[in-house]
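# Summary of the model geometry
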Amino acid sequence: MNINIDTFNNWALLDKDKGMERGHASSVSKIFEIFESESSIINIPFKFLDLGCGNGWVVRKILENRNCTYALGVDGAPEMIKKARNLDSIGEYLNINIEDWTFNKDYDIIFSMETFYYFKDLESVLKKVYNNLNDNGLFIIGIDHYLENKPSLTWDKEFNLSLNTLSINDWVSKFKISGFKNVQYIIHDKKEDWNGTLILYGYK
Ligand SMILES: C[S@@+](CC[C@H](N)C(=O)[O-])C[C@H]1O[C@@H](n2cnc3c(N)ncnc32)[C@H](O)[C@@H]1O
């Protein structure tokens, strides 16, 4: 197991997944607003992939949209996936390290909340995301750990994690280099020294 997956597996055993669900809810609501306003994708049948799905709460949320014909959540922590499967029999859940996984379908939306800075070989995951999106498909992530968000820069020591720390400009250029077009970002919920969630998205 890698150190990040190990830490989150322990968090699942301590029921800390529920705290993440609460803590990330506002940013995910903002992302769902982007689905509504920026994309015609959700008004016709679409397939959805959540990378680093935790206990699967976003998979369950997207399945409330009747146009969502298939939703898959992937997470490396077995205890997270166990919880997801116990809570939901409609969405699919896969317990695998995303860096070792060859994605399996063509998706219309690939989503990820608070996971992409854990990847050692980010470029390779971004390429896989691009290759597994349908034309005009949407790739969207929310992240709280990035260079400009100073309180997040000590999380590696605080929580026993291995982090890939990039600036906002680095993230935008990685998306562009991977082939995504119309790359945009917003900062959500900035307060005092907390710079807010970086919500970043692009289209194939
Ligand atoms: C901060 S949590 C976020 C979980 C969920 N997206 C949420 O918002 O509640 C990050 C998740 O990514 C998973 N993760 C980290 N690195 C991973 C990897 N290489 N492969 C698969 N899952 C990974 C962890 O197990 C953890 O559940």
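Please read these numbers as outputs of a predicted model, since none were measured by experiment.

Parameters and conventions
Every chain begins its residue count from 1, and numbering advances along the sequence as written. In keeping with the model being predicted, local features are shown solely for residues with a pLDDT of at least 70 and side-chain atom pairs are shown and tallied solely at 80 or more, while totals for entire chains, interfaces and linings include all residues. The basis for every side-chain value is the complete set of heavy atoms in the structure, and neither hydrogens nor water enter the calculation. Nearness is judged by heavy atoms alone; a residue qualifies as near a molecule or strand once a single heavy atom is within 4 Å of it. Between N or O atoms, a polar contact is any pair within 3.5 Å; within protein, one atom must be a potential hydrogen donor and the other a potential acceptor, and residues adjacent in sequence are included only when both atoms are from side chains. Secondary structure elements are defined from DSSP: runs of H or I of at least 4 residues count as helices, runs of E of at least 2 residues count as strands, and each element is numbered from the N terminus. Asp, Glu, Lys and Arg are counted as charged, while Ala, Val, Leu, Ile, Met, Phe, Trp, Tyr, Cys and Pro are counted as nonpolar; the rest, among them Gly, fall into the polar class. Buried residues are those whose accessible area, probed at 1.4 Å on protein chains only, stays under 20% of the maximum for their type, while exposed residues exceed 50% and partly exposed ones sit between those limits. Paired strands, in this sense, are two strands between which DSSP finds at least two bridges. A pair of aromatic rings is counted whenever rings of Phe, Tyr or Trp (Trp by its six-membered ring) have centres within 6.5 Å, and the orientation is called stacked for planes under 30 degrees apart, edge-to-face for over 60 and tilted otherwise. Each axis is a line fitted through C-alpha atoms, taken for helices only over the stretch in contact, and angles between the N-to-C directions span 0 to 180 degrees. By the convention used here, residues are in contact when the closest approach between their heavy atoms is within 4.5 Å. Definition used for salt bridges: Asp or Glu carboxyl oxygen within 4 Å of a side-chain nitrogen of Lys or Arg. Positive residues here are Lys and Arg, negative ones are Asp and Glu, while His and the chain termini are left out of the count. In this text, buried Ala, Val, Leu, Ile, Met, Phe, Trp, Tyr and Cys residues form a nonpolar core when linked through side-chain atoms within 4.5 Å.

### Things to note about the site of the ligand
- Among the 21 residues in the neighbourhood of the ligand, the closest are listed as His24, Gly52, Trp57, Asp75 and Ile98.
- In the model, an oxygen atom of the ligand is placed 2.6 Å from a nitrogen or oxygen of the Asp75 side chain.
- In the environment of the ligand, a nitrogen atom lies 2.9 Å from a nitrogen or oxygen atom belonging to the backbone of Gly76.
- Breaking the shell around the ligand down by element, the ones donating at least two residues are α1 (3–13) and α2 (17–38).
- In the shell around the ligand, the residues fall into twelve nonpolar, seven polar and two charged.

### Points about the pairing of strand β5 (residues 133–143)
- When you tally the buried positions in β5, you get eight out of eleven residues, the bulk of the element.
- Judged from the six bridges that link them, β5 and strand β7 (residues 197–203) form a sheet pairing that is antiparallel. Across the sheet, the residue bridging to Phe139 is Gly202, located in β7.

### Topic: the packing of aromatic side chains
- This model, assessed by the stated rule, comprises 18 aromatic pairs.
- A centroid spacing of 6.4 Å and a plane angle of 35 degrees characterise the contact between Tyr70 and Tyr107, whose relative ring orientation is tilted. A residue pair is termed long-range when its members are at least 10 positions apart, and Tyr70 in strand β2 (residues 68–75) and Tyr107 in strand β4 (residues 107–113) qualify at 37 residues. There is no split in this pair, since Tyr70 and Tyr107 are both buried.
- Here a set of aromatic residues connected by ring pairs shows up, and it is made of Phe8, Trp11, Tyr117, Tyr118, Trp155, Phe159 and Trp194.

### Topic: the sheet that holds β4
- Strand order in this open sheet of seven strands is β3-β2-β1-β4-β5-β7-β6, and the pairing throughout is mixed. The outermost strands of the open sheet, each flanked by one partner alone, are β3 (92–95) and β6 (181–188). Neighbouring strand axes in the sheet, compared pairwise and without regard to direction, differ in orientation by 15 degrees on average.
- With respect to the sheet, helix α5 (residues 122–131) is in contact with β1 (46–51), β4 and β5, its orientation differing from that of β5 by roughly 140 degrees.

### Details of the pattern of salt bridges
- One pass over the structure, following the stated rule, counts five salt bridges.
- As a salt-bridge pair, Glu79 and Lys82 come within 3.4 Å of each other at their nearest N and O atoms. Placement of the pair is Glu79 and Lys82 together in helix α4 (residues 78–87), with a separation of three residues, close to one helical turn.
- Residue Lys82 is classed as partly exposed on the basis of its relative accessible area, which comes to 48%.
- The structure contains a network of salt bridges with shared partners spanning Asp15, Asp17 and Lys83.

### Some points on the environment of Phe8
- Checked against the element boundaries, Phe8 lands in helix α1.
- Distance from Phe8 to Ile41, taken between C-alpha atoms, is 32 Å for residues 33 residues apart in sequence.
- Not counting residues within four places of it along the chain, the set of residues in contact with Phe8 comprises Met20, Ala77, Met80, Tyr118 and Leu161.

### Topic: the side chain of Asp144
- Relative to the helices and strands, Asp144 is located in the loop between β5 and α6 (155–159).
- For Asp144, which is buried and forms no salt bridge, the nearest opposite charge comes from Lys191, at a distance of 9.4 Å.
- Those residues in contact with Asp144 that lie beyond four places of it in its chain are His24, Glu114, Tyr117, Asn149, Ser152, Trp155, Trp194, Gly196 and Thr197.

### A look at the pairing of β3
- The pairing of β2 with β3 spans four bridges and is classified as parallel. Along β3, the bridge assignment pairs Gly73 with Tyr93.

### Some thoughts on the nonpolar core
- Counting residues in each nonpolar core, the largest one holds 43 residues, and the members touching the most others are Leu49, Leu51, Phe116, Val129, Phe139, Trp171 and Phe175.
- Mapped onto this core, the elements with two or more residues apiece are α1, β1, β2, β4, α5, β5, α7 (168–177) and β7.
- Broken down by element, the residue count for this core peaks at five residues, all from α5.
- For Phe175, the residues in contact, after removing those within four places along its chain, are Leu126, Phe139, Ile141, Phe180, Val183, Leu200, Tyr201 and Gly202.
- By size, the runner-up hydrophobic cluster in this structure holds 27 residues, among which are Phe32, Ile42, Ile62 and Leu138.

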